[in-house]
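Chain residues, written in single-letter form:
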Amino acid sequence: MGCGSGFVKYVLFFFNLVVALFGLAVIGIGVAVLLNWSVIREELNGHLSVAPWLFIVIGAVMFVIAFFGCCGAIRESHCMVVTYAIFLLVIIIVQVILAVLLFTNGDTIKDGLVKTMNTLYNKGTTDAASRTVFNNLEQQLQCCGKNGPSDYGLLELPMSCCSHVGTLGKVLGNSCTLVDANTEGCSARVADLFEKWSKPIAGVSIGIACVEVVGALFSLCLANSIRNMDRRSRY
């Protein structure tokens, strides 16, 4: 076969073997979160459970695509290699679109995230599930309230607003006080995190897409070689 197909075949096989193992690891993380956070998941009535299921879905997609790549390469199956290439091209397009949106519409996306945080906080005043979700975000992002601790008043602050309980809080029965509360509001925190990570994420997405383009070209080259070999074998 031409196109250095022997070398390409084994490169695709080992590359996709690594991707498949990584996909299984991602699935394992999602399953572990589901098992360990079962109580919280029930309290949130399905809100937080989206995250582990997202891990499982992403890991499963990675594994399936890598499966087609591995099997197609080692078995020299034209159909499986072409299917793998199509999957890869679709992922490349999605990644490029994501990167372009982050580069060109970053401010719009950031405003949307801030509005979502504000809406979640406002709903939390009447909805227990939204309140629990927002408290979890406060704990994870180390922020407090929509705009700051003052959103809750001067007396009772949720424990999620405090990264640690100081002397005053211990005296008051291990409660969260303004002295110990995180001073930054969650809306500003989300905006800052987006500003910090949006461009790196877009850059990494483009970089991974470039590597995937090479993989797609290799797979198309191998598919072409397999098809040519099948044609020769018929005559």
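No experiment lies behind these values; they were computed from the predicted model shown.

Caption draft 1: Broad picture of the overall build of the protein. A count of helices and strands for the protein gives 8 helices and 0 strands. The buried share among the 235 residues of the protein stands at 36%. Summarising the internal contacts of the protein: among those between residues at least 6 apart in sequence, 63% fall at separations of at least 24. Summing over all exposed atoms, the protein offers an accessible surface of approximately 13700 Å²; the carbon and sulfur share of this is 68%.

Caption draft 2: Quick look at helix 5 (residues 106-123). Look at helix 5: 26 Å from first C-alpha to last across 18 residues, which is about the 26 Å you get at 1.5 Å a residue. Along helix 5, the residues classified as buried are Gly106, Lys110, Val114, Met117, Leu120 and Tyr121. Viewed along the axis of helix 5, the buried residues span an arc of 125 degrees, placing them on a single side of the element. For helix 5, the exposed residues lying more than 90 degrees away from the buried face are Thr108, Lys115 and Thr116.

Caption draft 3: Representation of the state of the cysteines. Summed over the entire model, instances satisfying the criterion amount to 3 disulfides. Residue Cys143 pairs covalently with Cys186 via a disulfide, S to S 2.0 Å. Every disulfide takes its handedness from the sign of the S-S torsion; for Cys143 and Cys186 that torsion is 85 degrees, giving right-handed. Of the two residues, Cys143 is situated in the loop between helix 6 (128-141) and helix 7 (167-171) and Cys186 in helix 8 (residues 186-234); the sequence distance between them amounts to 43 residues. Judged on exposure class, the residue Cys143 and its partner Cys186 are both buried. What pairs with Cys162 in a disulfide is Cys176, and their sulfur atoms sit 1.9 Å apart. Across the disulfide from Cys162 to Cys176, rotation about the S-S bond amounts to roughly 80 degrees, and the bridge is consequently right-handed.

Caption draft 4: A look at the UniProt feature "transmembrane region" (unreviewed entry) in the protein. When the UniProt feature table is mapped onto this chain numbering, "transmembrane region" (unreviewed entry) sits at residues 12-38, 50-74, 81-103 and 201-226. The span residues 81-103 is 100% helical and 0% strand by assignment, and the distance between its end C-alpha atoms comes to 33 Å. Counting secondary structure, residues 201-226 comes out at 100% helix and 0% strand; the distance between its end C-alpha atoms is 37 Å.

Caption draft 5: Highlighting the nonpolar core. Among the nonpolar cores identified, the biggest contains 13 residues, and Leu12, Val81, Tyr84 and Leu222 are the most heavily contacted of them. Of all elements in the fold, only helix 1 (5-36), helix 3 (50-75), helix 4 (78-104) and helix 8 reach the threshold of two or more residues within this core. When residues of this core are assigned to their parent elements, the largest contribution, 5 residues, is made by helix 8. What Leu12 contacts, discounting residues up to four positions off in sequence, is Ala73, Tyr84, Gly215, Phe218, Ser219 and Leu222.

Caption draft 6: Representation of the packing of helix 5 against helix 6. Closest axis-to-axis distance for the helix 5/helix 6 pair is 7 Å, and the angle between their directions is 130 degrees. For the element pair helix 5 / helix 6, the angle class is oblique. Regarding helix 5 and helix 6, the two cross each other, and that crossing is left-handed. Judged by residue contacts, Met117, Leu120, Tyr121 and Lys123 of helix 5 engage Ser130, Arg131, Val133, Phe134 and Leu137 from helix 6. Class assignment for the residues of the contact of helix 5 with helix 6 results in 6 nonpolar, 1 polar and 2 charged.

Thresholds, definitions, all that
- All residue numbers refer to positions counted from 1 along the written sequence of the respective chain.
- The predicted origin of the model limits local features to residues at a pLDDT of at least 70 and limits the giving and counting of side-chain atom pairs to 80 or more, whereas totals for whole chains, interfaces and linings rest on all residues.
- Only hydrogens and water are removed before side-chain values are computed, so all heavy atoms of the structure are retained for them.
- Per the convention used, a helix needs a DSSP run of H or I reaching at least four residues, while a strand needs a run of E reaching at least two, with both numbered from the N terminus.
- Classification of residues uses two cut-offs on accessible area relative to the type maximum, computed with a 1.4 Å probe and protein chains only: under 20% is buried, over 50% is exposed, and between them is partly exposed.
- Residue contacts are defined here by distance: any two heavy atoms, one from each residue, within 4.5 Å place the two residues in contact.
- Every accessible area reported is derived by Shrake-Rupley at a probe size of 1.4 Å, with residue values counting cover from the shown protein chains alone.
- Helices are assigned an expected span. That span is 1.5 Å times one less than the residue count.
- The directions considered for the arc run from the helix axis to the C-beta atoms.
- Pairs of cysteine sulfur atoms within 2.5 Å are what we label disulfides.
- UniProt positions are given in the numbering used here, feature names are shortened, and annotations may be inferred rather than shown by experiment.
- Nonpolar core, defined: a set of buried Ala, Val, Leu, Ile, Met, Phe, Trp, Tyr and Cys residues in which side-chain atoms within 4.5 Å join the residues together.
- Between N-to-C directions, angles span 0 to 180 degrees; the directions come from axes that are lines fitted to C-alpha atoms, helices contributing only their stretch in contact.
- Any angle that falls under 35 degrees is termed roughly parallel, while one over 145 is termed roughly antiparallel, one within 65 to 115 roughly perpendicular, and all others oblique.
- The handedness criterion is simple: a crossing whose near helix is rotated anticlockwise from the far helix by less than a right angle is left-handed, and one whose near helix is rotated clockwise is right-handed.
- All amino acids are sorted into three groups, where Ala, Val, Leu, Ile, Met, Phe, Trp, Tyr, Cys and Pro are nonpolar, Asp, Glu, Lys and Arg are charged, and the leftover types, Gly among them, are polar.

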